[in-house]
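Understanding the architecture of this molecule
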Amino acid sequence: MLPSMVVLTLVLVTFLGWISLGNAGGNEKINSDNITRILDRLLDGYDNRLRPGSGGGVTEVKTDFFVTSFGPVSDVEMEYTMDMFFRQMWVDERLKFEGPTEILRLNNRMVDKIWTPDTFFRNSKKSISHNMTTPNKLFRIMQNGTVLYTMRLTISAECPMNLIDFPMDGHACPLRFGSYAYTSSEIMFTWRKGPIASVDCPKESISLLQYDLVGQTLSSEIFKTNTGHYSVQVVHFHLQRKLGYYLIQTYIPLIMIVVLSQVSFWINKESVPARTVAGITTVLTMTTLSISARQSLPKVSYATAMDWFIAVCFAFVASALVEFAAVNYFATIQANRLKKQKARQDKLEVLATSSEDGDTVSTHKIHLTSSSFFSKQTAPTFQLDSSPQEGLKRRNHSVCRSEPGEAPPLPIFLQQGSAFPQIPQLAGTSPIDKYARILFPLVFALFNLVYWYIYLVKDTMESARDTELEI
């Protein structure tokens, strides 16, 4: 009896399972058939050439987007690149339906069969709609006729930059989009989540090396042309440049070169080759740095903040070289004056020596005459101890040979060296060098203080241009 009950129970369970599977399959077939009939009914008599409410009211298109990648930003081309999910939502009364589902989730094939806004980006240089592996588009229809259309785009848009404050500058890079053919009396674009939350740009999506994305502002404009007025949505991305790269590559090397040029003030002024080489080397290095600093910038016709800093540093380096030229010039004048004085003094000594020697010769002649009177047979043995030339030679201190008992002279290479001036009276520090050692560092430090205070305190962020445009 018991085995028969078990067999009957198994047969009953199997039969009920078959019945449930058949009902499920039938329900799925019914739902699929219903959705197919809904779509066929929606497209029956639908003209995708006409916008919703054509001939009546204004079609409102609500927009927002999610930024998946922001960057890079090109200063030379004045453009930026971003990747985003661009969403549009509008109401099409012709697409209302009733059925078992509230939302029809469709693929990109349905997009070509209904009307969609002719949205384009006005300031884009290049736009790409991703199609791998299939077109990256999302399309949904609600029961009340609301349509959600999302696509993935990569856009390279122009960003006008004012580089007067470079590299402490900030820029407001705009992104403008709207309808290409429909005027503001036919299509009006609005922000779906308001002017604050309609653009989502998470921090992990930002890949910028030289900028910080500090925020974005949203607004609406009316673009006026000779064909009509068009509704335009505008997003300004506020970018603040990072200063670290330019401090390491430009500013600190410039400061070090200026300091190096001022070291020459502490070198002996007789070291003409050393100071000349130091001045010319710093000038050439400054020129090279100024050229390399401009390579990463567009060829603008105005001076940037970095250009002013480079110009002032170049002026300090060139002034150091001119300062040594002035020191050498006045030292040469003084040397010529001392040489003239020494020549005049030597001439007077020669005249005085000649006069003394003449008196000595006369005295000896008188002595010889008197002696010959007493003894004519004895020949005079008197001989002059010196001639005028020999006396002058002994008094001349510029000879290279030393007399017995005097200190040995310096070697020739030391007499011609920079550390031992040829004229002892010219030894010592020039008064010009003494003033330059104090004034040059003081003025340069004061310039740096004023420069960095102005640009670090100043608000260098460009203001967003939200005015009406006319063409």
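So, here is what we can say about the structure in this document. (Residues numbered from 1 in each chain as written. Predicted model: local features only at pLDDT ≥ 70, side-chain atom pairs only at ≥ 80, totals over all residues. Heavy atoms only, no water.)

1. Things to note about helix H4 (residues 272-294)
Helical geometry: 3.6 residues make up each α-helical turn, so side chains three or four residues apart lie on a common side. In a regular helix each residue adds 1.5 Å, so 23 residues correspond to 33 Å; H4 covers 34 Å between its end C-alpha atoms and thus fits that length. All of the buried residues in H4 are Arg275, Gly279, Thr282, Val283, Met286, Leu289, Ser290 and Ala293. (Helix = DSSP H or I, 4+ residues; strand = E, 2+ residues; numbered from the N terminus. Expected span 1.5 Å × (residues − 1). Buried < 20%, exposed > 50% of the residue type's maximum accessible area, 1.4 Å probe, protein only.)

2. Some words on the packing of helix H3 (residues 244-263) against H4
Two elements in contact, H3 and H4, have axes separated by 10 Å at closest approach and are oriented at 170 degrees. Considered as vectors, H3 and H4 are oriented roughly antiparallel to each other. The chirality of how H3 crosses H4 is left-handed. Of the residues in H4, those in contact with Gln249, Thr250, Pro253, Leu254, Ile257, Val258, Leu260 and Ser261 of H3 are Thr282, Thr285, Met286, Leu289 and Ala293. (Axes fitted to C-alpha atoms, helices over the stretch in contact; angles between N-to-C directions. Parallel < 35°, antiparallel > 145°, perpendicular 65-115°, else oblique. Left-handed = near helix turned anticlockwise from the far one by under 90°. Contact = heavy atoms within 4.5 Å.)

3. Things to note about the packing of aromatic side chains
By the definition in use, this model includes 30 aromatic pairs. Seen in terms of ring centroids, phenylalanine 86 and phenylalanine 177 are 5.2 Å apart; in terms of plane orientation they differ by 85 degrees. Their pairing is edge-to-face. Residue phenylalanine 86 is found in strand E2 (residues 79-91), and its partner phenylalanine 177 is found in strand E8 (residues 170-179); the two are separated by 91 residues along the sequence. The exposure class assigned to phenylalanine 86 is buried, which follows from its relative accessible area of 2%. Classification of phenylalanine 177 by relative accessible area gives buried; the value is 0%. Centroid distance tryptophan 90 to tryptophan 115: 5.8 Å. Interplanar angle 90 degrees. Geometry classified as edge-to-face. (Phe/Tyr/Trp six-rings, centres within 6.5 Å; stacked < 30°, edge-to-face > 60°.)

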